[in-house]
Amino acid sequence: MLKIPKITETEWEIMRLIWTKHPITSGELIDQLSAQDRSWHPKTARTLLGRLVKKGALKYEPLGRSYVYEPLVTEEECIGSASESFLDRVFGGSLQPMLAYFVKNQKLTKQDFKELGEILEGREKPQNKRGKK
């Protein structure tokens with residue numbers, strides 16, 4: 001089973017760009033980051049790319065004097081891992097208190113409640129091994 005690396009908040013910014021624009025060179029990535037937020041320093045971006053490679057989130061291939069980066073994990077896999085970690089740390093792994101907290105403390109529209117209801121109703125329907133209802 002693939003171990004999903006723990007990604008820091010700053011590393012998420014790098015990964016989001018790579019997930020949407022891969023393959024991408026380090027120079028292209030730095031240009032994209034700088035266009036979004038002028039406070040990014042190229043050395044910081046390169047350091048984070050190196051960390052993400054060491055963690056197993058990215059792979060790279062040399063291309064001339066640059067490197068081309070590709071993700072080794074999907075955004076969905078990382079979201080799932082981060083969500084489970086959050087649920088375990090903050091709510092002791094229990095989903096009900098987390099949902100109750102967010103429903104009580106967030107401004108939800110009628111449309112939000114409708115969509116949540118549809119999601120919950122969909123989960124209640126039994127499915128066979130092929131995923132048919």
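Residues numbered from 1 in each chain as written. Predicted model: local features only at pLDDT ≥ 70, side-chain atom pairs only at ≥ 80, totals over all residues. Heavy atoms only, no water.

Caption draft 1: Representation of the domain arrangement of the chain in the model. Domain annotation for the chain reports domain 1 (1-93) and domain 2 (95-133). Here the C-alpha centroids of domain 1 and domain 2 sit 30 Å apart. Each partner contributes residues to the interface: domain 1 has 4 residues there, and domain 2 has 5 residues. Here domain 1 packs against domain 2, burying approximately 350 Å² in sum over the two surfaces, 85% of which is carbon and sulfur. (Domains from an automatic or database assignment. Contact = heavy atoms within 4.5 Å. Buried area = accessible area lost by both parts, 1.4 Å probe.)

Caption draft 2: Broad picture of helix α1 (residues 9-20). In this model, α1 (12 residues) spans 17 Å end to end at C-alpha, consistent with the 16 Å of a helix rising 1.5 Å per residue. Regarding α1, the residues found buried are E11, W12, I14, M15, L17, I18 and W19. On the buried face of α1, the contacting elements are β1 (24-25), α2 (26-36), α3 (42-55), β2 (58-63), β3 (66-71) and α4 (75-91). (Helix = DSSP H or I, 4+ residues; strand = E, 2+ residues; numbered from the N terminus. Expected span 1.5 Å × (residues − 1). Buried < 20%, exposed > 50% of the residue type's maximum accessible area, 1.4 Å probe, protein only.)

Caption draft 3: Broad picture of the side chain of S26. Its location among the elements puts S26 in helix α2. Setting aside chain neighbours within four positions, we find S26 in contact with L49, S66, Y67 and Y69.

Caption draft 4: How the structure looks around the packing of α2 against α3. Orientation of α2 relative to α3, taken along the N-to-C sense of each, is 125°, at an axis distance of 10 Å. Taken together, α2 and α3 sit at an angle that is classed as oblique. You can see that α2 and α3 cross each other, and the crossing is right-handed. Across the interface between the two elements, S26, L29, I30 and L33 from α2 touch P42, A45, R46 and L49 from α3. Residue classes in the contact of α2 with α3 are distributed as 6 nonpolar, 1 polar and 1 charged. (Axes fitted to C-alpha atoms, helices over the stretch in contact; angles between N-to-C directions. Parallel < 35°, antiparallel > 145°, perpendicular 65-115°, else oblique. Left-handed = near helix turned anticlockwise from the far one by under 90°. Nonpolar A, V, L, I, M, F, W, Y, C, P; charged D, E, K, R; others polar.)

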